[in-house]
Structure formats: C-alpha cells, structure tokens
Amino acid sequence: MSALDAIRSRVSVRKYASAALDRKTISDIVDAGRLAPTARGAQPWEFVAVTQRPVLSRLADLAPNGAFLREAGAAVVVFCRETGYQLEDGSAATENILLAATALGVGSCWVAGDKKPYAEAVRELLKVPAGLKLISIVCLGMPDGAATQKPKRPLAEVLHWETF
C-alpha cells in the first residue's frame, strides 16, 4: 500500500475482533513511530506496547473515550520527555503509527493523552519514569466489521492559495 493510499484509507476503528497481534507486527508499527520527524532531532519518545488483557482493561477504565481498549489486540502508549516540542513530536509519531497500522491491515484509534486527567495514572500503571508525558494511547487490533467515519471536508473547501 502506498503512503497516500494509507492516508486516504485510514479510519478510526473502535470495534475489534478478539484476535491477538503478534510482536513482529506491533514492532513494525512502533518502528514507524520511531521514524517520525522530530524538532531538532530530539527523538523524545518512548513507546510502551501493551498486550496483556488486564492492562488493556485498566487503560480502558482510565480513559473514558477509550472503552474499546478492552477488546483491542494491543495498545501502543506514546510518552515523550519535555523538549518544548514534545506534543508535536509525539503527535507525529502517533500519526506514523496509525498509518503503519493501516498499511499492515491493522485497525487503530488514537485516544488522547496530553493534559488528560488520567495521564498520571497511565504513567504509573505502566511504570513509566517521572518526567515523561503521556501523548497518546493508540489502540490496535483486527477490525470487527467495517469502521465508518464522517466524510472529510473537500479539498476545495479547505485549501486557500496565497491568502485566506
């Protein structure tokens, strides 16, 4: 699948089949996050891959908009050390993870983490050292049925040439 095909076909998946994901697939997906652009070459990210059902369930309990984590095959939790650009860098890594998952036929959904009230509890649950900030929780798994999303606004509506 080309990069543009992955971008055009990516959807947020919130319903997963019970199939587990193998470590190679998860590693390939996280490797795409590692290769994201980063301000000043800081690479401030750390990734925690979660596959154990009790931990996925606890993440679902902590993140109100991530209840579907209970059924997921895995989650990749993105943390960054503070650099002044950690949100941008972690978001770029998260997007790469979403696109890699799509290219590999894996469903995914971005659950917000930055500045959320559960961020510290997630950090503690995963035994992440202090000083690292939660950026996102990316749910991964094999889709259970077709995912739908709102149509994207047309390019002609959002693209402005030279001035707004």
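Attention here is on the structure that accompanies the text. (Residues numbered from 1 in each chain as written. Predicted model: local features only at pLDDT ≥ 70, side-chain atom pairs only at ≥ 80, totals over all residues. Heavy atoms only, no water.)

**What about the overall build of the protein?**
In terms of regular secondary structure, the protein is built from six helices and four strands. Listing the helices and strands of the protein from first to last along the sequence gives α-α-β-α-β-α-β-α-β-α. The C-alpha atoms of the protein give 16 Å as radius of gyration, which agrees with the globular expectation for 164 residues (15 Å, within 12%). Overall size of the protein, expressed as C-alpha extent along the three principal axes, is 50 × 40 × 30 Å. A fraction of 76% describes how many contacts in the protein between residues 6 or more apart in sequence connect residues 24 or more apart. Summing over all exposed atoms, the protein offers an accessible surface of approximately 9400 Å²; the carbon and sulfur share of this is 55%. Charged side chains of the protein number 20 positive and 17 negative; the gap between the two group centres comes to 3 Å. (Helix = DSSP H or I, 4+ residues; strand = E, 2+ residues; numbered from the N terminus. Rg over C-alpha atoms; globule rule 2.2 N^0.38 Å. Contact = heavy atoms within 4.5 Å. Areas by Shrake-Rupley, 256 points an atom, 1.4 Å probe, with all protein chains shown as cover. Lys, Arg positive; Asp, Glu negative; His and termini not counted. Charge placed at Lys NZ, Arg CZ, Asp CG, Glu CD.)

**Considering the nonpolar core**
Core analysis: the biggest nonpolar cluster contains 26 residues, and Val 77, Val 122 and Ile 137 have the highest contact counts within it. Breaking this core down by element, the ones donating at least two residues are α3 (53–62), β2 (74–81), β3 (107–112), α5 (119–125) and β4 (132–141). Among the elements that take part in this core, α3 stands out by supplying five residues, more than any other. (Core = buried A, V, L, I, M, F, W, Y, C linked by side-chain atoms within 4.5 Å. Buried < 20%, exposed > 50% of the residue type's maximum accessible area, 1.4 Å probe, protein only.)

**What about the environment of Val 13?**
Mapped onto the elements of the fold, Val 13 is located in the loop between α1 (3–9) and α2 (23–34). Placed 53 residues apart in sequence, Val 13 and Gly 66 show a C-alpha to C-alpha distance of 11 Å. Leave out the neighbours within four places in its chain, and Val 13 touches Phe 68, Gly 107, Ser 108, Cys 109, Pro 143 and Ala 147.

**Regarding unusual backbone geometry**
In this structure, Arg 40 takes a positive phi of about 55° despite not being glycine. Even without a glycine there, the phi angle at Lys 127 is positive, about 55°. In this fold, Lys 127 is placed in the loop between α5 and β4.

So yeah, pure geometry; function would need other evidence.
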